[in-house]
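Working through the structure, step by step
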Amino acid sequence: MQNFAVTTFLQDKPKPKYVEVALPIPLRQTFTYILPVGLQDNIKTGARLLVPFGKRQITGYAVALHENLSLELEIEESALKEAIELLDAEPLLTEEIIKLTQWTADYYASSWGEVLKAALPAGINASVEQVISITARGRDELIKVSSAKIVKVQILRYLSESNEISARELGKKFGVSKAQRIIRELVNESWASVFHRTLTTQVKPKRRKAVRLLPPELHQSNNKPLTAAQQKIIDILLQENGEIIFTDLIEKTDTSASSINTLAKRGIVEIFVQEVRRDPLENANLPDLQDFVLTDGQEKVLSEIQNALQKEKYKAFLLHGVTGSGKTEIYIRAMKTTLKKGKTALMLVPEIALTPIFSRRLRAVFGDEVAILHSHLSTGERFDEWRRLRNGTARIVIGTRSAVFAPLENIGLIIIDEEHDGSYRQHEMPFYNGRDVAVVRANFANAIVVLGSATPALETFHNSHIGKYEYLSLPNRVENRPLAQAELVDMREVFSAEGKNAVFSPQLIEAIEDAHGKGEQSIILLNRRGFSSFVLCRTCGETIRCHNCDITLTFHKRDAKLICHYCNHREKTPTKCPFCESKFLFFVGEGTEQIEDILRRKFSNLRIARVDRDSTSRKNELETTLSEFSEGRIDMLVGTQMLAKGHDFPNVTLVGVVSVDAGLAMPDFRSAERTFQLLTQVAGRAGRGSLQGRVLIQTYHPEHYALQHASTQNYDDFYEVEINFRKKLNYPPFVALASILIKHENYNFAFDNAAILRECLQKANGEKNCIILGPAPAPLSRLKGEHRLQILVKARNRAKLRETLDFALVEAQEKFCDLRIVNVEIDPVNLM
């Protein structure tokens, strides 16, 4: 009777009739659709479904189900469209991720659908294409037409030959705008019809044919002896624990497929299809496990974190440890405690360059329970790693900012390494900061979050001062190794002594010779790619600039091209000035490519490698270079800030910084902070072994406070100076800040919309809770063909900031401001 009652209850449970869908489009709203009867039984929140939107079909995400249209929705059913197709039997998105992405979209004024799309691995979303086919009427008209020169006739004939064809293919053949116009004409005249076709997802589980040895009792009874080839197959299967990929078996036995098929017919082996994991670390050399003895400082910090893990309540720690203080070992031991409690752990790193280092270490400790997520993985690798997290096979994930949305269940610990790094910020739609979203995720999950850095962001350090985060300190390196000795080299004095600009000071040249004479390694840093910064005509004074951006083109010698580092526009290096045709072109400034070239000529006996985005574009290239340097097969690394963080090279005793003055001159309130962090971090690469390290920083501004405090590696002193500037000038952490960029290829159109938005912001700011600056040209006033105008909004109260912004955006839309060209960044880390 009890079972019957439960069954009746389940049968009578009301079915949802409406679904609220978040679409991956730049609109900050959800859309309600009618659920066809066939979808009502199976749909769940978090599933993807295909819905109509305007004249197209789009993949959306079910974020809520409704039995009735509530009054809050203010929608008439007659105005609603039906959902077309359910794409997931089981939802890809968990309730936790739905909640987290909703908070992210709301806080950062982003599209919820775009955040949800970013939370899923690339290639998993089904796409839809428009397909055109000729009608019977169209075929009749084609017979009557005599001229084949008219494009409309050509497209109609093309359709008759192909039966049906996608709009994308027609666009390629006849031009996109022309094809779209003619398709509309053909449909209006009933000569062609249009429908939409769902394409399969780009990525699927990888499956391969495999062979397994069956138990003897299942073999078909016959006494026919095995051939030599068949016996060899059996022997290899026994060596491989009874199972092997079909092609691998052929390769190892040097036999044909027919021998395997014969064994399968006799019931000795079974041929089956096996899912194969695409493992990013399949061929990686894992480090040897070492039993480290923690210092007293490490023991104290670890004890605080483990005590918090036992309570299973949200708590945030700032782990402020100098470079080489052993933060990674604390992370690993905290993860062990987390897994013992049956929970999962998430570790974020700012750069892809750091994932090979940490992921190998974690794999050596935790085995296959570790998954990796970052954009340099192949689509298949990323999909497989995501699925292992979704089904619970992997319980630890390490990755870059998007890994904050990893589908882990029952999170107990989140670690954010190098939490100060600007790479955690997504600088395109959807905007979010991976570090701050991770803190919120820990809060939602009642988990522990540890923010680690040798140079914490000022906002993070401030939060520890006001009690928002608990402060943990590791002021000493392991084994009491001293910090590297840093020196500022005044390049003004070098210029006076040599009578010309010098790339390398005599002090740095001497230090390189000394280090390598002792068999030690060095790192040379210049945070600028390319060979020369720009090309200048000595006759007319013009520089060669990007056609799309308000920026000079950088000369790359290896490619023999001038390249824009913002839009990737490329053109051949000219032999004469494009303005006055003078042959006197001057290549100004140095980049990492030129630094490498100079050093190779000066130190021909040294093995030198370069690490920047240009030299490590191929898969595993960066990992290989760092591995060779660690093994001593490379003597010197030249590179950008990719070298500054997280790397542990015990034999590096010298770090030379060619110049950081350009970074100090950036028109951004964080320029001093970034420069201090970069120098302190790169200084931490020296002297991590038993030998004393040395750091030489070349500059024309040795008196700058950021450089002075970086040379002593004294964070507290730098913080005191910088925090006072922030307070006086009304910058974070003392105000909430929003940057609004209005971007369009037509300057007047952008300016008119910016003026409307400024007027609406002024009206919304009736109580004068906010300071509104602009609109004014952004520091980079034109990028990728678009003019950029900037408005800054500051407020002491974050709620008042959002209230003002939200009111102004609604008002602006009513005044026909085109919000599609308006980008709102909350808590920007870069004002360029």
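Conventions used here
Residues numbered from 1 in each chain as written. Predicted model: local features only at pLDDT ≥ 70, side-chain atom pairs only at ≥ 80, totals over all residues. Heavy atoms only, no water. Helix = DSSP H or I, 4+ residues; strand = E, 2+ residues; numbered from the N terminus. Rg over C-alpha atoms; globule rule 2.2 N^0.38 Å. Buried < 20%, exposed > 50% of the residue type's maximum accessible area, 1.4 Å probe, protein only. Contact = heavy atoms within 4.5 Å. 1 Å grid on protein atoms, 1.4 Å probe; cavity = no way out; pocket = protein on both sides within 12 Å on 5 of 7 lines; lining within 4 Å. Points joined across faces, edges and corners; volume = space filled by probe spheres on them. Nonpolar A, V, L, I, M, F, W, Y, C, P; charged D, E, K, R; others polar. Pairing = 2+ DSSP bridges. Axes fitted to C-alpha atoms, helices over the stretch in contact; angles between N-to-C directions. Phe/Tyr/Trp six-rings, centres within 6.5 Å; stacked < 30°, edge-to-face > 60°. Core = buried A, V, L, I, M, F, W, Y, C linked by side-chain atoms within 4.5 Å. Salt bridge = Lys/Arg side-chain N within 4 Å of Asp/Glu carboxyl O. Left-handed = near helix turned anticlockwise from the far one by under 90°.

Take the overall build of the protein next. Within the protein, the secondary structure is distributed over 27 helices and 35 strands. Here the C-alpha radius of gyration of the protein, 31 Å, is about what a compact globule of 832 residues would show, namely 28 Å. Reported as C-alpha extents along the three principal axes, the dimensions of the protein are approximately 85 × 80 × 70 Å. Residues classed as buried in the protein amount to 52% of the 832 residues present. When contacts within the protein are restricted to residue pairs at least 6 apart in sequence, those whose partners lie at least 24 apart make up 75%.

Moving on, we get to empty space enclosed by the protein. Summary: where empty space remains is shown by rolling a probe the size of a single water molecule over the atoms. All told, the structure shown has four cavities of 30 Å³ or more when counted by the stated rule. The calculated volume of the largest cavity comes to roughly 80 Å³. When residues of the lining of the largest cavity are traced back to their parent elements, those giving at least two are α4 (112-119) and α15 (379-390). A breakdown of the residues in the lining of the largest cavity according to their chemical character gives nine nonpolar, one polar and one charged. Estimated volume of the second largest cavity: approximately 70 Å³. Every residue lining the second largest cavity is counted, 13 residues in all, and those nearest its centre are Leu 309, Glu 312, Lys 343, Gly 412 and Asn 446.

A few words now on the pairing of strand β33 (residues 770-783). Bridge count for β33 against strand β34 (residues 786-795) is eight bridges, and the pairing is antiparallel. Paired with Ile 772 across the strands is Val 793, a residue of β34. Here β33 hands over to β34 after two residues, with Lys 784 in that stretch at a positive phi of 50°.

Before going further, it helps to examine the sheet that holds strand β12 (residues 315-321). In spatial order, the strands read β14-β15-β13-β16-β19-β12-β20; together these seven strands make up an open sheet with parallel pairing. Across the chains shown, the open sheet's two edge strands, defined by having one partner strand only, are β14 (370-373) and β20 (470-474). Here the strands of the sheet are splayed against their neighbours by 20° on average, with no regard to which way each runs. Of the pairings in the sheet, the one linking strand β13 (residues 344-348) to strand β15 (residues 396-399) comprises four bridges and is parallel in character. Each bridged residue has a counterpart across the sheet, and for Leu 348 the counterpart in β15 is Gly 399. Across the sheet, helix α16 (residues 434-444) is in contact with β13, β16 (411-417) and β19 (448-453); its angle to β16 comes to roughly 160°.

Right, let's talk about the sheet that holds strand β2 (residues 31-34) for a bit. The strand order β2-β1-β4-β3-β5 describes an open sheet built from five strands, whose pairing is antiparallel. The two strands at the open ends of the sheet, each matched to only one other strand, are β2 and β5 (85-86). Direction of pairing for strand β3 (residues 48-53) relative to strand β4 (residues 56-66): antiparallel, over a ladder of six bridges. Paired with Val 51 across the strands is Ile 58, a residue of β4. Lying on the sheet, α4 is in contact with β1 (18-22) and β4; it crosses β4 at an angle near 95°.

Bringing the environment of Gln 154 into the picture now. Relative to the assigned elements, Gln 154 resides in helix α6 (residues 151-162). Placed 365 residues apart in sequence, Gln 154 and Gly 519 show a C-alpha to C-alpha distance of 72 Å.

Further remarks concern the packing of aromatic side chains. Applying the stated criterion to the full structure yields 19 aromatic pairs. Aromatic side chains Phe 531 and Phe 555 sit 5.8 Å apart centroid to centroid with 75° between the ring planes, which places their arrangement in the edge-to-face category. In this pair, Phe 531 is assigned in the loop between β22 (521-526) and β23 (534-537) and Phe 555 in strand β24 (residues 554-556), connecting sequence segments 24 residues apart. For Phe 531, a relative accessible area of 12% gives the class buried. Residue classification places Phe 555 among the buried positions, given a relative accessible area of 11%. A centroid spacing of 4.5 Å and a plane angle of 10° characterise the contact between Phe 669 and Tyr 731, whose relative ring orientation is stacked. Within this pair, whereas Phe 669 is found in the loop between α22 (661-664) and α23 (671-683), its partner Tyr 731 is found in the loop between α25 (715-728) and β32 (736-744), the two being separated by 62 residues in sequence.

On to the layout of surface pockets, then. Considering only enclosed or pocket space, the second largest pocket measures out at about 660 Å³ in volume. Every residue lining the second largest pocket is counted, 21 residues in all, and those nearest its centre are Pro 26, Leu 27, Arg 28, Leu 819 and Val 822. Every element with two or more residues in the lining of the second largest pocket is listed here: α27 (798-814) and β35 (822-826). The element contributing the most residues to the lining of the second largest pocket is α27, with four residues. Split by residue class, the lining of the second largest pocket holds 11 nonpolar, five polar and five charged.

On to the environment of Ala 64, then. Within the secondary structure layout, Ala 64 lies in strand β4. Measuring from C-alpha to C-alpha, the distance between Ala 64 and Glu 381 comes to 31 Å, with 317 residues separating the pair along the chain.

Ile 416, Ile 740, Ile 742, Leu 757, Leu 761, Val 793 and Leu 805 are the most contacted members of the largest nonpolar core, which totals 73 residues. Within the second largest apolar cluster, 41 residues are counted, among which are Phe 461, Leu 525, Val 655 and Phe 734.

Under the definition given, this model contains 54 salt bridges. A salt bridge links Arg 360 to Glu 623; the shortest N-O distance between them is 2.2 Å. Placement of the pair is Arg 360 in helix α14 (residues 355-366) and Glu 623 in helix α21 (residues 621-630), with a sequence separation of 263 residues. Accessibility expressed as a relative area gives 18% for Arg 360, which makes it buried. A relative accessible area of 19% places Glu 623 in the buried class. Here Glu 825 and Arg 425 are joined by a salt bridge, their closest N and O atoms 3.1 Å apart. Taken together, the residues Glu 825 in strand β35 and Arg 425 in strand β17 (residues 425-426) connect sequence positions 400 residues apart.

Bringing unusual backbone geometry into the picture now. In this model, Pro 732 is joined to Pro 733 through a cis peptide bond whose omega is 15°. Positionally, Pro 733 belongs in the loop between α25 and β32. A cis amide bond, omega 10°, links Gly 774 with the succeeding residue Pro 775. In this structure, Pro 775 sits in strand β33. At Glu 418, a residue that is not glycine, the phi angle is positive and equals roughly 50°. Positionally, Glu 418 belongs in the loop between β16 and β17. Under the relative-accessibility criterion, Glu 418 is labelled buried at 5%. Within the chain, Phe 816 stands out as a residue other than glycine whose phi angle is a positive 65°.

Next up on the list: α4. With six of its eight residues buried, α4 lies for the most part within the structure. Residues Trp 112, Gly 113, Glu 114, Val 115, Leu 116 and Ala 119 constitute the buried set of α4. On its buried face, α4 is in contact with β1, β4, α3 (95-107) and α15.

Moving on, we get to the packing of helix α10 (residues 246-253) against helix α11 (residues 257-265). One way to put it is that α10 packs onto α11 with a least axis distance of 10 Å and a crossing angle of 115°. In this structure, α10 crosses over α11, and the sense of that crossing is right-handed. Along the contact surface, α10 presents Phe 246, Leu 249 and Ile 250, while α11 presents Ala 257, Ile 260 and Asn 261.

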